[in-house]
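Structural overview
What follows is the residue order along each chain.
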Amino acid sequence: MRALRNAGLCVGAVIVGFTLLVAIFAPILATQDPFAQDLSRRLIVPFWMEGGSTNHLLGTDQLGRDYLARLIYGARISMLIGIMTVVTSGAIGVAMGVIGGFFGGRIDDMILFAITARLSIPLILVALAVVSLVGSSLTVVVMTLGLLLWDRFAVVARVSTMQIRTLDFVAAAWSAGCSRPRILLREVLPNILSPLAVVATLEMALAILLEAALSFLGLGVPPPLPSWGLMIAEAKDYMFFSPWVIMVPGLSLCALVFGINLLGDGLRDLLKTGRTT
Amino acid sequence: MLHLLIRRLAVAFLVCITVLTFAFALTRLSGDLAISIAGPSATAADIEVVRKAYGLDRPVVEQFFDWVGRAAVGDFGQSYFYKERVSKLIVDRLPVTMTLGLVGLGIALLVALPLGVVSALNEGRVIDRVISLVALLGQAMPSFWLGLILMVTLGLKLGWLPISGTGSWEHFVMPGIVLAFSAIPALMRLTRSGMIDAMNADYIRTARAKGLSRTSIVLKHAARNAAMPVVSIAAVQLGFMLGGSIVIETVFALHGVGFLAWESISKNDFPTVQAVVLMLAIIYTLLTLGADLLNALLDPRLRAQ
Amino acid sequence: MTALLEVADLHIGFGGLAAVRGASFTVNKGETHCLVGESGCGKSVTALAMMGLLPANAERRTAALRFDGQDIAGLSEREMSRLRGDRIAMIFQEPMTSLNPAYTVGSQMGEVYRRHRGGTRQAALDRAAELLERVRITSPGMRLGQFPHQLSGGLRQRVMIAMALMCEPELLIADEPTTALDVTVQAQILRLLADLQTELGLAILMITHDLGIVARTAHRVSVMYAGEIVETAPVFPLFAEPRHPYTRGLLSCVPVPGKVGRDEPLGSIRGTVPRIGPNFAGCAFRDRCDLARPDCSSPVVRHTLASEHSYLCQIAP
C-alpha cells in the first residue's frame, strides 16, 4: 500500500514536472506558430486518424492553427495561472491565518469572520463579473483568482499556528525576548509550511480549473491566447462532428489537474506518516 | 442552544451586510458604469442621459445607501437589459437552479455516501485506493468539459437524454450529473474519514460485544455519528453547486439564475449581477445555518447546550 | 465447580509481535477469575479474544477455547455474535466513550435484548428499567430517556453493566471496569458486581492491573507477564505464598500499612515489559529478575503445587 501511495506521488510529480518543462520550453518544443491561421487547412484531424498528417500531429483548429503548438503554449497559461494565483492567494491567506491564529481574541474573530464572508460569496460569478467589468487579461485573471482563493490557506494556516503557538519552542522564544514579527517569521512560519504545501497543490488545481471555466465562458484569458479552456470553448461548435477538438485540450486539463491532486494527496500521506513515526 | 443560535444568526446577518457592501463595490470596479451601460457606440450626450436616468450622478455614498435601503425590502431595482424588476427575474428563475442544485446534491449523495462507506470499511485495501483514485480523477475533470462530453455521448451518440433546455425532468439529469461530480470527492472523503473514526470508536466495540449484526453496527451505530460532518459539508456543497451552476446552466442552456447571471454580466446589467451575488450569498449562509441546526438535532450533546 | 470457560494454549500475534503466548486458564461457574498484570502484558487482548473481538490484523491460535463445553474457537462471526451479549457479555474500561453518544440509554439497552430475545420495543424497555433498578440506579424510567452525556462516569458504568446483564449472561468479561472511575465510585461498582454475582450466579473474568481489586473480588487469580500466565492460584495462596518472582515483585509494590514501615522503601520492578518476537525462548522476566540464573534462557518449566497453584519459573518450589 505504501508503494502504491508513493507511486501516486511519483506519477503526480512526473505529470506536473513534465507540464512545467513543456511550459518553460514551449518556443523550442512547438515547431509551428500557435497563432498562424490558415483557413485552407481548417480542422485537420490528428495523425492517428484517417486523413491526418504528420505535419500537424494533433491536427488544426477551426482557424487552421496547429493544435499541438496551441496545446503546448496553453500549458504555459495554465501553469502561469496556477502558480501565480497560489503565490498571491497564499500570501494573503497565510498572512491572515497566521495573524488570527497567533494573536487570537478579537483579531482572530475578525479573521474568522472574513473567512466566513469570503466563503459565502459565489466564486465563479464574482470572478466573471470582475473580469467582465475590468476587462479580460492574464493579469486580471490572476489577480481576481488570487484575491478570491485565499480562504483555505487562511483556514489551515490559522489552525496550524494555533497548534504551534502552544508548543515549547515558541514559549522558549518568547522568554528569550524575541519580538513578535521575529517569532512569527522564524518560529511559526517554517513549522506550518508542510500543511500549507498540501493546500497549495489543491488551490493550484482549483485555479487552473477556474481559469479554464472563465476562459470557456469568454471572460478569462482573451483570444487569441491559447488557453486550454478557451480552446474548448472555440472548438465546441465542432464537437458533434469532430469530438477530438474538445478531447485534446480537455484531457490535457484533466491530466494536469489529476497530477497536481495526486501530488497533493501523496504529500498529505507523506506528512501524516511522517508525523506518527 | 439558544445562545448558539443567536450568535450564529448575528454572524449570518453581518455576513449579509458585508456581501451587500461587496456586491455594491464590485459593480463600481469598472470606474464609470454609465459608459458601460450606454455601450461602445454612445455619444457623450447619451452617456449623460444614462447617468441621470440611473441616478449615477449622485454621490457614491448616497447611491450605496439607496441601494441598501431598497435591497433590505427586496427591491433590487429595474434590470437594464431585461427591462423587468430584478426581483421578479430572480424569483422566476430560482426554481430551475434550485431543482438543478437538489438533483446534483441527490446524485452526489447517492454516489458519495456508499463509496465513502465501502472505502472506510476496506481502509487501506486495494478497493479503498481505487475509489480514492476514481474520486481524484473525477475532481480533475473541468465541469464544462464533462458537460460537453456527456452531450456528445449520452445526448448525441446514444440519444438517451436531451442535450439542452428545461422541458422535462430528463433535462436535469445530465447537468445534475455534471454538478454532482464537483461535490462527490469532498463528500466521499468526509464520509470515509467519518466512518473510519466511528468504526474505531469505543462504542462500536460495545456494539459488537452486544452481538449486534454487522448491518446494525455499520448503518445504525457508526453511520449516525459519521453523518454529522457530512450534513455540514453537504450544505456547503449545495451552496457551492448553486454558485457553480452558472457554468453548467450556460453549457446546457438551462434558464436558471446562473444563466441569468451570465447574461447580465455580459450585458453589463449590474443591478441583476448585484442581486444575484447577494442572493447566492444569502442562500449559502442560510444553508450553513440550516446544517448547524440539523446537526444540533442529530447530536444530543449539542441539543442540550 | 464446573468450568464455564476453558482456554488452552492461546496464542495471539500482531505481525512480528507475540502478544499472548500459550495462555491457559479456566473460569468456573459463579466464580471470579482475575487476570492481573502490567499494561501491555496481553490481558486485554486475551479478553477480546474470548469475545472474538480481536482487531482484523491479529492472528489467534488456540488448542482449545470452550464455553460451557462447546468449542467456540471455530465459530463463524455470525454464530459468535449470537453468543455475544446473550450468554457472554463484556464491559469496558472507558465508560465515557463506550456508549454511543447518539442514542438514548433505553435504546442502547433495548436493542441488545431485542437482538437476542426479540419482542416489542416496550418489552425491551421494561426489561431495561428492571435492570437499571437492579444496578441500583434510581428513577430508571427517566434514565432510559437520557443520553450518555447526561450521565456521570459512575452512572455510565452502571448502565454498561445493566446493558451487559440484559440477557442474563453466564459469563461477564470485565476489562478494567473501574480504572477510569473515582475511588469511591470504584468501590460501589465492585460491590455491585459482587452482589450481582451472588444474585445471578454469574461467572466473571476480571481484567485488572490493580492488586487491591484482585484482593477484594477474586476467587482465582492468574498473573500475566509478557503474554504468558506466569502464576495461577486461588486468591489466598497467591497473596500468602506468591511463588513467581514477578508476582512477588508486584505484591511488594503495594504498600500494606503495618507491614511496611514508614521509612522502608517500597518494592519496585526495574525495567519495563519487553517486546517479544515470535521466536523468543526462555523466561521473559529474566532481564528484570533479581534471581535470574543462566538456565533462565532455556525453556521454562511449569511447577504445580497442591491446591491448584502453579507457576512458570526455573526455580523449583
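Source: prediction; values computed, not measured.

**A short note on the packing of helix α5 (residues 123–134) of chain A against helix α6 (residues 138–148) of chain A**
All names here are of chain A.
- The interhelical angle for the contact between α5 and α6, taken along N-to-C directions, is 145 degrees, at an axis separation of 10 Å. Relative to α6, the crossing made by α5 is right-handed. Contacts between α5 and α6 involve Leu123, Val126, Ala127, Val130, Val131 and Val134 from the first element and Val140, Thr144 and Leu148 from the second.
- Residue classes in the contact of α5 with α6 are distributed as 8 nonpolar, 1 polar and no charged.

**Section: the interface of chain C and chain B**
- Facing the 28 residues of chain C at the interface are 19 residues of chain B.
- Buried area between chain C and chain B, both sides added, is near 2200 Å², and the carbon and sulfur share of it is 53%.
- Across the contact surface, chain C and chain B share 3 salt bridges.
- A salt bridge links B:Lys210 to C:Glu111; the nearest nitrogen and oxygen atoms lie 2.9 Å apart.
- Taken together, the connections running from chain C to chain B amount to 15 residue pairs in polar contact (both at pLDDT 80 or more).
- Elements with a minimum of two residues in the side of chain C that touches chain B: α1 (43–51), β6 (88–91), α3 (105–117) and α6 (153–164) of chain C.

**Concerning the environment of C:Glu199**
Residue and element names in this part refer to chain C.
- Its location among the elements puts Glu199 in helix α7 (residues 183–200).
- Its relative accessible area of 41% is what places Glu199 among the partly exposed residues.
- Spatially, the C-alpha atom of Glu199 lies 25 Å from that of Ala233, the residues being 34 residues apart in sequence.
- Contacts of Glu199, omitting those with residues within four sequence positions, involve Arg134 and Arg136.

**Considerations on the nonpolar core**
- Counting residues in each nonpolar core, the largest one holds 145 residues, and the members touching the most others are A:Ile246 and B:Phe144.
- The element best represented in this core is helix α9 (residues 180–216) of chain A, accounting for 16 residues.
- If we skip the residues at most four places from it in the chain, B:Phe144 touches A:Ala212, A:Ala213, A:Phe216, A:Gly229, A:Ile232, A:Leu253, B:Val247 and B:Val251.
- The next biggest cluster of nonpolar side chains, apart from the first, holds 99 residues, and it includes C:Val159, C:Leu190, C:Ile213 and C:Tyr225.

**Some words on the interface of chain B and chain A**
- Listed by partner, the interface residues are 49 residues for chain B and 44 residues for chain A.
- Three residues, B:Arg129, B:Phe144 and B:Trp145, lead the burial of chain B against chain A; their summed loss comes to 16% of the area buried on that side.
- Between the two partners, chain B and chain A, sit 1 salt bridge.
- A salt bridge links A:Asp265 to B:Arg189; the nearest nitrogen and oxygen atoms lie 3.3 Å apart.
- Counting the contacts that link chain B with chain A gives 3 residue pairs in polar contact (both at pLDDT 80 or more).
- When contributions to the side of chain B that touches chain A are tallied by element, the ones reaching two or more residues are α1 (2–27), α6 (126–140), α7 (143–157), α10 (214–252), α11 (257–266) and α12 (270–298) of chain B.
- For the side of chain B that touches chain A, a count of residues per class yields 35 nonpolar, 10 polar and 4 charged.

**With respect to the arrangement of the chains**
- Most contacts, compared over the 2 pairs of chains touching, are made between chains A and B.
- Taking C-alpha atoms only, the smallest gap left between chain A and chain C, which are not in contact, amounts to 15 Å.

**Brief notes about unusual backbone geometry**
- Along the chain, A:Pro223 connects to A:Pro224 via a cis peptide bond; the corresponding omega equals 10 degrees.
- Among the secondary structure elements, A:Pro224 is positioned in the loop between α9 and α10 (228–235).
- One non-glycine residue, C:Glu168, adopts positive backbone phi at about 50 degrees.
- Considering the arrangement of structural elements, one finds C:Glu168 in the loop between α6 and β7 (171–175).

**Some points on the layout of surface pockets**
- The computed volume of the second largest pocket comes to approximately 1200 Å³.
- B:Arg208, B:Arg214, C:Leu54, C:Pro55 and C:Ala56 are, among the 38 residues lining the second largest pocket, the residues nearest its centre.
- Those elements that place two or more of their residues in the lining of the second largest pocket are α5 (86–121), α8 (173–199), α9 (202–209) and α10 of chain B together with α2 (77–83) of chain C.
- Top element by residues in the lining of the second largest pocket is α2(C). It accounts for 5 residues.
- Grouping the amino acids of the lining of the second largest pocket by side-chain chemistry returns 18 nonpolar, 8 polar and 12 charged.

**Considering the domain arrangement of chain C**
Residue and element names in this part refer to chain C.
- Domains assigned within chain C are domain 1 (1–87 + 170–282 + 300–312) and domain 2 (92–166).
- Taking only C-alpha atoms, the centre of domain 1 and the centre of domain 2 are 27 Å apart.
- For the pairing of domain 1 and domain 2, the buried interface totals around 1800 Å² over both sides, and the portion due to carbon and sulfur atoms is 60%.
- Linking domain 1 with domain 2 are 4 salt bridges.
- Among the ionic pairs, Arg136 bridges to Glu199, the shortest N-O distance being 3.5 Å.
- At the boundary of domain 1 with domain 2, the tally comes to 8 residue pairs in polar contact (both at pLDDT 80 or more).

**Examining the environment of A:Ala117**
- Mapped onto the fold, A:Ala117 is located in helix α4 (residues 105–120).
- Sequence separation between A:Ala117 and A:Asp151 is 34 residues; the distance between their C-alpha atoms is 9.8 Å.
- In contact with A:Ala117, other than residues within four places in its own chain, are B:Val15 and B:Thr18.

**Some details on the packing of aromatic side chains**
- Scanning the model with the defined rule gives 9 aromatic pairs over all chains in all.
- Ring centres of A:Phe102 and A:Phe103 lie 5.3 Å apart, and the angle between their planes is 85 degrees; this geometry places the pair in the edge-to-face category.
- On the basis of relative accessible area, A:Phe102 is assigned to the buried category, the value being 4%.
- A centroid spacing of 5.8 Å and a plane angle of 15 degrees characterise the contact between B:Phe240 and B:Tyr284, whose relative ring orientation is stacked. In this pair, B:Phe240 sits in helix α10 while B:Tyr284 sits in helix α12, placing the two residues 44 residues apart along the sequence.
- B:Tyr284 gets classed as buried once you look at its relative accessible area, which sits at 7%.
- Three or more aromatic residues link up through ring pairs in this structure, and these residues are B:Phe24, B:Phe64 and B:Phe65.
- Against the face of C:Tyr103 rests B:Lys220, its NZ or CZ located 5.1 Å from the ring centre.

**Some thoughts on the pattern of salt bridges**
- All told, the structure shown has 33 salt bridges over all chains when counted by the stated rule.
- Between A:Arg70 and A:Glu234 there is a salt bridge; the shortest N-O distance is 3.9 Å. In this pair, A:Arg70 is assigned in helix α3 (residues 67–103) and A:Glu234 in helix α10, connecting sequence segments 164 residues apart.
- In this structure, the salt-bridge partner of A:Glu203 is A:Arg152, at a minimum N-O distance of 2.8 Å. Taken together, the residues span a long stretch of sequence, with A:Glu203 in helix α9 and A:Arg152 in helix α7 (residues 151–165) at a distance of 51 residues.
- Through salt bridges that share partners, C:Arg134, C:Arg136, C:Arg191, C:Asp195 and C:Glu199 make up one connected network.

**Re the sheet that holds strand β1 (residues 3–14) of chain C**
Residues and elements named next belong to chain C.
- Spatially, 4 strands are ordered β2-β1-β4-β5 in an open sheet, and the strand pairing comes out antiparallel. Of all strands in the sheet, those with a lone pairing partner are β2 (17–28) and β5 (70–71), marking the two edges.
- Bridge analysis of β1 against β2 gives 9 bridges, and the strand direction is antiparallel. Looking across to β2, one finds that Phe14 is bridged to Leu17.
- Against the sheet, α1 engages β1, β2 and β4 (58–67), with an angle of about 115 degrees to β1.

**A few points about the sheet that holds strand β11 (residues 302–304) of chain C**
Residues and elements named next belong to chain C.
- Strand order in the open sheet formed by 8 strands is β6-β7-β8-β3-β9-β10-β12-β11, with mixed pairing between adjacent strands. At either margin of the open sheet sits one strand with a lone partner, and together these are β6 and β11. On average, adjacent strands in this sheet sit at an angle of 15 degrees to one another, irrespective of strand direction.

Cut-off values and rules
- Residues numbered from 1 in each chain as written.
- Chains lettered and ligands numbered in written order.
- Predicted model: local features only at pLDDT ≥ 70, side-chain atom pairs only at ≥ 80, totals over all residues.
- Heavy atoms only, no water.
- Axes fitted to C-alpha atoms, helices over the stretch in contact; angles between N-to-C directions.
- Helix = DSSP H or I, 4+ residues; strand = E, 2+ residues; numbered from the N terminus.
- Left-handed = near helix turned anticlockwise from the far one by under 90°.
- Contact = heavy atoms within 4.5 Å.
- Nonpolar A, V, L, I, M, F, W, Y, C, P; charged D, E, K, R; others polar.
- Buried area = accessible area lost by both parts, 1.4 Å probe.
- Salt bridge = Lys/Arg side-chain N within 4 Å of Asp/Glu carboxyl O.
- Polar contact = N/O pair within 3.5 Å; in protein donor to acceptor, adjacent residues only side chain to side chain.
- Buried < 20%, exposed > 50% of the residue type's maximum accessible area, 1.4 Å probe, protein only.
- Core = buried A, V, L, I, M, F, W, Y, C linked by side-chain atoms within 4.5 Å.
- 1 Å grid on protein atoms, 1.4 Å probe; cavity = no way out; pocket = protein on both sides within 12 Å on 5 of 7 lines; lining within 4 Å.
- Points joined across faces, edges and corners; volume = space filled by probe spheres on them.
- Domains from an automatic or database assignment.
- Phe/Tyr/Trp six-rings, centres within 6.5 Å; stacked < 30°, edge-to-face > 60°.
- Lys NZ or Arg CZ within 6 Å of the ring centre and 35° of its normal.
- Pairing = 2+ DSSP bridges.

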